[in-house]
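These are the residues of each chain, in order.
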Amino acid sequence: MAYECTDGGTGAGGAEPGASDSLRTFGAVVQALREHAGLSREEFGALVRFSKHTVASVEQGRRMPDRDFVERAEEALGNTGALRKAAPHLSRQAGLAIWFRQWARLEATAISLYTYECRVVPGLLQTEAYARAVSLNVPPLPDPEELEERIAARMARQELLAVTRKPPTAFSFIVEQAVLERWTGGEEVTRGQFDRLLEVIERNWNVEFQVMPLRQPSHAGTDGPMRLAEAPDNQWFAYSEGQQNGRLIAHTKEISLLQQRYAKLRSQALTPEDSLGLLKRLRGAL
């Protein structure tokens, strides 16, 4: 995830999701059957009505084959049934960049999640329109399929906010005021994003949201965004992210340092009550 981008993911984009074992295995079978039939990728592509580049992506495990591809490939390769039977078992964490996936697995079971963000609204709080705008702002532009997968993955992760989870995850978000006033995507997108933030804050008692004001001479977050997660066994993990990369942190000394910084950020940001008031004023000004 380039932002979570990361959120996912965070925000912006992320590289094309990498191959899973099931996709690589499926692709290898397609390639073996194609070569056994004596077909080049271009010839096979003509039979299944997909480009040779798409065929290559499927064979290399980089692309999830759709139903049309599977059915046409079966017909072109002898109707063995192997591809039809394998297709339902294909899986990929579509829309999540490779380096973000390990964190996403931790995030899914965490009992506490803390996020400081200075670039974009955290992905868990983004609207679909905001997520789309962020993804389209950062080169290279994703193709339509990749864009939809990326947005769908980000929206699916927001189920973690639900208070019906047992136990509900405790969330803390600290977001720079500059992020909120950037108007990413324009006025309409920004209005919708403010509405989403207000809805989550006022509805979800498990979410604490604080704004870091524009003027804060003492600031513990100048090294950039950070995330902290507490696992069900009370072990803590952290995640650090930059341009086209991310790093999962499990070393206790590093995590202790980030926890100290996050605690300081909480004391420097506006209180949750004052943050809610600021959000309402910013929303009212649109």
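Report follows, based on the coordinates. What you are looking at is a predicted structure, and each value in this text was computed from that prediction instead of being measured.

Before going further, it helps to spend a moment on the packing of aromatic side chains. Scanning the model with the defined rule gives 5 aromatic pairs in all. Arranged with centres 5.2 Å apart and planes meeting at 15°, the rings of Y114 and Y262 form a pair that is stacked. Placement of Y114 in strand β1 (residues 112-117) and of Y262 in helix α11 (residues 252-268) is noted, with a sequence separation of 148 residues between them. Neither Y114 nor Y262 differs from the other in exposure class; each is buried.

Time to look at the nonpolar core. Core analysis: the biggest nonpolar cluster contains 33 residues, and L125, F171, F173, L180, L197, F209 and L279 have the highest contact counts within it. Residues within four places of L180 in sequence aside, it is in contact with V121, V175, T190, F194, L197, V211, L279 and L282. Core analysis: the second largest hydrophobic core is formed by 14 residues, I174, M212, L228 and L258 among them.

For the pair helix α10 (residues 187-203) and helix α12 (residues 272-284), interaxial distance at closest approach is 10 Å and the crossing angle is 150°. By the angle class used here, α10 and α12 are roughly antiparallel. As α10 runs across α12, the sense of the crossing is left-handed. Residues R191, F194, D195, L197, L198, I201 and E202 of α10 form the contact with α12, whose own contacting residues are L276, L279, K280, L282 and R283. In terms of residue class, the contact of α10 with α12 is made up of 7 nonpolar, no polar and 5 charged.

Across the interface, helix α2 (residues 41-48) lies against helix α4 (residues 67-76) with an axial gap of 9 Å and an inter-helix angle of 115°. If you check the angle between α2 and α4, you find them roughly perpendicular. The handedness of the crossing between α2 and α4 is right-handed. Where α2 abuts α4, its residues F44, L47 and V48 lie against F69, R72, A73 and A76. Looking at the contact of α2 with α4 residue by residue, the classes come out as 6 nonpolar, no polar and 1 charged.

What follows is about the sheet that holds strand β2 (residues 170-176). Read across the sheet, 6 strands follow the order β3-β2-β1-β4-β5-β6 without closing on themselves; strand pairing throughout is mixed. Of all strands in the sheet, those bounded by a partner on one side alone are β3 (207-212) and β6 (245-249). Adjacent strand axes in the sheet meet at a mean angle of 10° when their direction is disregarded. Sheet analysis places strand β5 (residues 236-242) next to β6, joined by 5 bridges and oriented antiparallel. For G242, the partnering residue across the bridge sits in β6 and is N245.

Attention now goes to the pairing of β5. Along β5, 5 of the 7 residues are buried, which leaves the element largely enclosed by surrounding structure. The pairing of strand β4 (residues 226-230) with β5 spans 4 bridges and is classified as antiparallel. Within the sheet, the bridge partner assigned to E230 lies in β5 and is W236. Here β4 folds back onto β5, and the loop between the two strands holds 5 residues, one of which, N234, carries a positive phi near 70°.

The rules we used
- Residues numbered from 1 in each chain as written.
- Predicted model: local features only at pLDDT ≥ 70, side-chain atom pairs only at ≥ 80, totals over all residues.
- Heavy atoms only, no water.
- Phe/Tyr/Trp six-rings, centres within 6.5 Å; stacked < 30°, edge-to-face > 60°.
- Helix = DSSP H or I, 4+ residues; strand = E, 2+ residues; numbered from the N terminus.
- Buried < 20%, exposed > 50% of the residue type's maximum accessible area, 1.4 Å probe, protein only.
- Core = buried A, V, L, I, M, F, W, Y, C linked by side-chain atoms within 4.5 Å.
- Contact = heavy atoms within 4.5 Å.
- Axes fitted to C-alpha atoms, helices over the stretch in contact; angles between N-to-C directions.
- Parallel < 35°, antiparallel > 145°, perpendicular 65-115°, else oblique.
- Left-handed = near helix turned anticlockwise from the far one by under 90°.
- Nonpolar A, V, L, I, M, F, W, Y, C, P; charged D, E, K, R; others polar.
- Pairing = 2+ DSSP bridges.

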